[in-house]
Amino acid sequence: MRRLAALALVCGLLTTGSARPVPAQTRKEKLDARSAVTLAPAIAPIPAKAASAGEFVDKTGAKHPWRINDAHALIWDNAPYLPVGGAFAPRSFTSDTDAAWLEDVKALETLKARGLRDLIIWPAKPLASVPIASLQRLADYLDANDFNYGLSFGPGLTTPLTGTVVKPGTYRYADTKESLTATWQVPNADSGLFILTDTSNENRIVRGLVVQAQDETISASAEAPADAGKVVALLYPHKSLPVTNNGALPDVWAGYDDYRDTVLHYLGQAKFGKGLRFYLDPLARRIGLAGETDYLVPDSPGFTLEWEGFLTQRYPNVEDLKLAWGLIEGDFKTHREFARLFPLWANDRGVPYLYDPQGRKTTRILHVAQSKWWADFLQCRNESLSYYMNSMATVLKRQVADVPVVYTWTQTHPIFWNTNRDSGFDGLGVVVRSHGSSLTARTLGPAYSEAEQAERTLWCIATEIVGDTDATQARPRPTTQTAALAAPDPSSSAPSSGGYAAKGDLFVTLDQLRRVGVKGFFAQGFQTAPPETNSGATDWLAAPDSLAWLHEYAARLAGEANAARYAPQTLFFPQANPGPARIGMVPGANNVLWLNSYAIGDTLDWWPAYSGYTLQRGSDANSSETVLISLQGRRETHLFAPNAKTVTAFTPEGAPVPVKILNKTMVSVTLDTTPTVFRAGGQRLVPQEAAEDAAKQLTALIESALQQKVTTVDNARGPLERAEYALKQKDFETAYTYSRQSLDDLTSQAAPYIWLEGETPRVHTFSELAANPEASGGGYLRLATPNTNRLGYAARYMFDVPSDGSYAVWLAGTVPGPNTSPIQWRINSEPPQTPADSTMHGPLYLSERFGWMQLGTVALKKGPQQTLTVYVADRAQSGDFNFAIDALMLTTRAFEPNGPVRPLPIDAESMRALLRDRQRRQKFDPVKR
């Protein structure tokens, strides 16, 4: 009861953001959680952060002070520590023989002779299972030979995470009329909850039972009762997810206490000298919530106890808990009973029930969209994980050796956003497996964003640089961004070495890392561990040229006085409402990173003229900033602001942008595709040209609709008249609102293109409709499953063809690759065909995972209710069915894709012609508009 009371107290405090859920034996510390700083340094200086700092006392008693500066570099003994080296997997850690030790010594002598003395000690098994004598022997050798080293903990905590996977979009079987048996492939599952639901009767459950898995397969009868309508079978597998080396999550709730004590006892026997620099991944290697882990509801006693405590504090009265979760039935009297429940829905799939595995009962809820179950669960789970990560870091520094603690960043997630101002982990590492802009968009940018928003300064390093001889690395053009980032020497063209075809290729990667603020570089690996060797990882020791290249780069780095102080400028955007922003270098700016922020903000949608967003920069609403771009190139723009005198503007680099005050409520400024940042004391800025452009587009589109004899064109005339009146009154926002609504409606009927949102098919067998603010329409249709479907996976879209013509068919969706399934498509009843051009056109978006491909060209006749069907033809090379559809377009004119931005309904030339037609018509019949 005492443990439960402590859990309840601490978990409840999470609702105010003042503490973290903690294990009973370490609950004396309170972790301070404060809101993240999101000020863009290009506009104003960031308030001083708490510095991650400490003092390491080595085995001789010598003291080594360290701190991490604002540029995310480690300052050790008052000098920058900018390592260039690699991960070293000791053979003597897995084989206690003289031969294994001599092999290690030989490898280390080679590295020393090559001038490479920065290492990560990389155990192939949990560090605490390595004989302590082997660790001490290696540490002594490294200290005596002037190596600097970080200590990885190998797989770390390996207790498998068990629980129920709630992913009904993946485990769904609707082919019940053709087959009376539903079957799923369920690796790592021992059983599953089988649900048969009547979709024609409010998703009423007509059958539910627990089915045991056999040979990684679960099958159950899908025969419907006589009184049921259309039924769908769903499965909720109970799994034990193994701890792997890639984005895995062990059961920290069940295993943390014993693991922590084991590690502390083990390392308490070791004595480290001057070479120790940091710890890496002390909890689990590359911790994360990849794949199904994010959908798994743990059922270990440790998690259930913390979950119960969280609910006790958040909802002291169980009636409030019932109301929050939307329960309309069931006799629940204690928080413990609530803590056993898990939902039978996720995202837009599933049924509106909670399930009690102990009583094997389902309880219906009122509305899944209003239920707070998922929000409560995710907050408790995520904050709990953050605590364990910080707690492990803190206890290592206090009880073993006070050196920085680094975790490998695996995904954009709150667990990597360190809001602990006083303690916890001190750095983030990244795994480098790709090249070019995708590396910045998918890994470097998101990880650097987490470091920038942390409450304390964090060290940023690349812990695993993996060369890829098959990758085509596009070398960036030389820039004048900084003298520290000189263009690489492309002269070397030696054979593949260390996974890189040439020195220049390696230097391009390293310079790219530096450009994004990385302050440490470790190849993977120097003498790789057996599991990594078997997977094809490159052993850099077997490639002497690569060692020389690394040494050369280290020498270059050491010769640059500002290397530890360099940091890219940053421009943040609200992650939930990004508008035109994408992680990566800001278009047209000089060395400015566009980064995602957890701060609140709104999208500014002034299509087809402008786009942008607002970002709250502090607790005061008046401190927000506005960022705008022009979707139509450079143009003078007039902005309405209630108090024009307070409006100032800046480039992403922070240079002032001229703002001309026209009167008390209007300013003019030149906007372009490069963003302009405004500070206006929280005022809403309304572009006059946005309203005018929308009204002009609507006027031209009405004329086009008249010529096409669109029957609903009269519906747009009234809104246009109101928009024109609002323009005369200089009420630009009202004018835009009236024009835009009718413009959207009429575009679908009269524009020379047909735009279909991927998440709005008429029918589909994909996994789910996924929400994402960077996607067109705020969502996309996603397929991600290992299971086959006898009818296949497809999505069918309905559309009307406004006029006869030859239409090019385009699809925005998953970029082709080994993790992407091949597709086919068809129009109406024509035979299916493969995409005519599967290369991507225009800029990639959504972390460079989406792009546009041209499916082909088709002749269409005017008429309603025509169909476009997209089929997933086979599994991806990785083994699963994976594909996503963000948007589809059919057009009779040239199309230049621009991510999720729709093209103009009427281009400039056509608009001029249509407006002339309108003037001529009104000249002879002025009554008709």
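Residues numbered from 1 in each chain as written. Predicted model: local features only at pLDDT ≥ 70, side-chain atom pairs only at ≥ 80, totals over all residues. Heavy atoms only, no water.

Thoughts on the overall build of the chain
- Each helix and strand counted, the chain has 16 helices and 47 strands in total.
- Summarising the internal contacts of the chain: among those between residues at least 6 apart in sequence, 74% fall at separations of at least 24.
- A total of about 37,400 Å² of accessible surface is found on the chain, and carbon and sulfur atoms cover 50% of it. (Helix = DSSP H or I, 4+ residues; strand = E, 2+ residues; numbered from the N terminus. Contact = heavy atoms within 4.5 Å. Areas by Shrake-Rupley, 256 points an atom, 1.4 Å probe, with all protein chains shown as cover.)

Observations regarding the pairing of strand β39 (residues 768-771)
- Because side chains alternate across β39, one face comprises the buried residues E768 and A770, and the other comprises L769 and A771, none of which is buried.
- Judged from the four bridges that link them, β39 and strand β40 (residues 779-785) form a sheet pairing that is antiparallel. By the bridge assignment for β40, A770 is matched with Y780. (Buried < 20%, exposed > 50% of the residue type's maximum accessible area, 1.4 Å probe, protein only. Pairing = 2+ DSSP bridges.)

Looking at the sheet that holds strand β33 (residues 660-663)
- Strand order in the open sheet formed by four strands is β33-β34-β30-β36, and the pairing between neighbours is antiparallel. Taken across any chain shown, the strands that pair with only one partner, and hence form the sheet edges, are β33 and β36 (686-687).
- Along the sheet, helix α13 (residues 688-708) makes contact with β30 (635-640), β34 (666-671) and β36, crossing β30 at roughly 110 degrees. (Axes fitted to C-alpha atoms, helices over the stretch in contact; angles between N-to-C directions.)

Focus on the pattern of salt bridges
- Considering all chains together, one arrives at 34 salt bridges under this definition.
- Between K322 and E319 there is a salt bridge, with the nearest N and O atoms lying 3.5 Å from each other. Here E319 and K322 lie together in helix α6 (residues 318-325), a separation of three residues that amounts to about one turn.
- Accessibility expressed as a relative area gives 14% for K322, which makes it buried.
- The salt bridge partner of K503 is E552, with a shortest N-O separation of 3.2 Å. With a gap of 49 residues between them, K503 in helix α10 (residues 503-515) and E552 in helix α12 (residues 544-558) connect regions that are remote in the sequence.
- K503 gets classed as buried once you look at its relative accessible area, which sits at 9%. (Salt bridge = Lys/Arg side-chain N within 4 Å of Asp/Glu carboxyl O.)

Quick look at the confidence of the model for the chain
- Overall, the prediction assigns the chain a mean pLDDT of 87, with 89% of residues at 70 or greater.
- In the model, residues 1-46 has pLDDT below 50 throughout and makes 129 contacts with residues more than four positions away in sequence or in other chains.
- Every residue in residues 469-495 is under pLDDT 50, and counting partners more than four places away or in other chains gives 54 contacts. (pLDDT = per-residue confidence, 0-100.)

Examining the environment of V763
- Note that V763 resides in strand β38 (residues 763-764).
- Each residue touching V763, except ones within four places of it in the same chain, is listed here: A794, A795 and R796.

A few points about helix α8 (residues 373-399)
- When the terminal C-alpha atoms of α8 are compared, their 39 Å separation across 27 residues agrees well with the 39 Å that a helix rising 1.5 Å per residue should span.
- Burial within α8 is extensive, with 22 of its 27 residues counted as buried. (Expected span 1.5 Å × (residues − 1).)

Considering the packing of helix α2 (residues 98-113) against helix α3 (residues 132-144)
- Put simply, α2 and α3 touch, their axes get as near as 12 Å, and they point 25 degrees apart. Judged on the interaxial angle alone, α3 and α2 are roughly parallel. At the point where α2 passes α3, the crossing takes the right-handed sense. Contacts from W101, V105, L108 and E109 of α2 reach α3 at R137, L138, Y141 and L142. (Parallel < 35°, antiparallel > 145°, perpendicular 65-115°, else oblique. Left-handed = near helix turned anticlockwise from the far one by under 90°.)

Some details on the pairing of strand β41 (residues 793-801)
- Sheet analysis places β38 next to β41, joined by two bridges and oriented antiparallel. Bridge pairing in β41 links V763 to R796.
- For β41 and strand β46 (residues 863-872), the ladder comprises eight bridges, and the chain directions are antiparallel. By the bridge assignment for β46, A795 is matched with V870.

Side note on the side chain of S668
- Within the secondary structure, S668 is located in strand β34.
- In contact with S668, not counting residues within four places along its chain, are E636, T637, H638, P658, V659, K660 and L662.

Some details on the sheet that holds β46
- One open sheet holds the four strands; their spatial order is β38-β41-β46-β43, and the pairing between them is antiparallel. Among the strands making up the open sheet, the edge pair consists of β38 and β43 (823-827).

Topic: the packing of aromatic side chains
- For the structure on display, the rule yields 35 aromatic pairs.
- An angle of 20 degrees between the planes, with centres 6.0 Å apart, marks the rings of W307 and W325 as stacked. Linking W307 in helix α5 (residues 301-314) with W325 in helix α6, this pair joins segments that are 18 residues apart in sequence.
- On the basis of relative accessibility, which here comes to 0%, the residue W325 falls in the buried class. (Phe/Tyr/Trp six-rings, centres within 6.5 Å; stacked < 30°, edge-to-face > 60°.)

Points about the packing of helix α14 (residues 717-728) against helix α15 (residues 732-750)
- Close contact between α14 and α15 brings their axes to 8 Å; oriented N to C, the two are set at 160 degrees. With respect to each other, α14 and α15 are oriented roughly antiparallel. The two elements α14 and α15 cross, and the hand of that crossing is left-handed. Two secondary-structure elements touch here, α14 through P719, R722, A723, A726 and L727 and α15 through F732, T734, A735, Y738, S739 and S742.
- Here the residues of the contact of α14 with α15 sort into seven nonpolar, three polar and one charged. (Nonpolar A, V, L, I, M, F, W, Y, C, P; charged D, E, K, R; others polar.)

Some remarks on α2
- With 16 residues, α2 extends 22 Å between its outermost C-alpha atoms, agreeing within 8% with the 22 Å of an ideal straight helix rising 1.5 Å per residue.
- Buried within α2 we find A100, W101, D104, V105, A107, L108 and L111. End-on, the buried residues of α2 take up no more than an arc of 165 degrees, which puts them together on one face. Among the exposed residues of α2, those oriented more than 90 degrees off its buried face are D98, A99, L102, K106 and A113. (Arc of directions from axis to C-beta.)

As for unusual backbone geometry
- Residue G525 is reached from Q524 by a cis peptide bond, and omega for that bond is 0 degrees.
- Looking at the element boundaries, G525 is found in strand β23 (residues 521-526).
- Look at the link from W607 to P608: it is a cis peptide, with omega at 5 degrees.
- Relative to the helices and strands, P608 is located in the loop between β27 (601-606) and β28 (610-615).
- Notably, D146 is not glycine yet its phi reads approximately 60 degrees, a positive angle.
- Turning to its location among the elements, D146 is positioned in the loop between α3 and β7 (148-152).
- You will see that R286, though not glycine, has its phi angle at about 55 degrees, which is positive.
- With respect to the helices and strands, R286 occurs in the loop between β15 (276-280) and β16 (296-298).

Some words on the environment of T670
- Turning to its location among the elements, T670 is positioned in strand β34.
- C-alpha separation for the pair T670 and R635, spaced 35 residues apart in sequence, amounts to 5.6 Å.
- Excluding its chain neighbours within four sequence positions, the residues that come into contact with T670 are R634, R635, E636 and T676.

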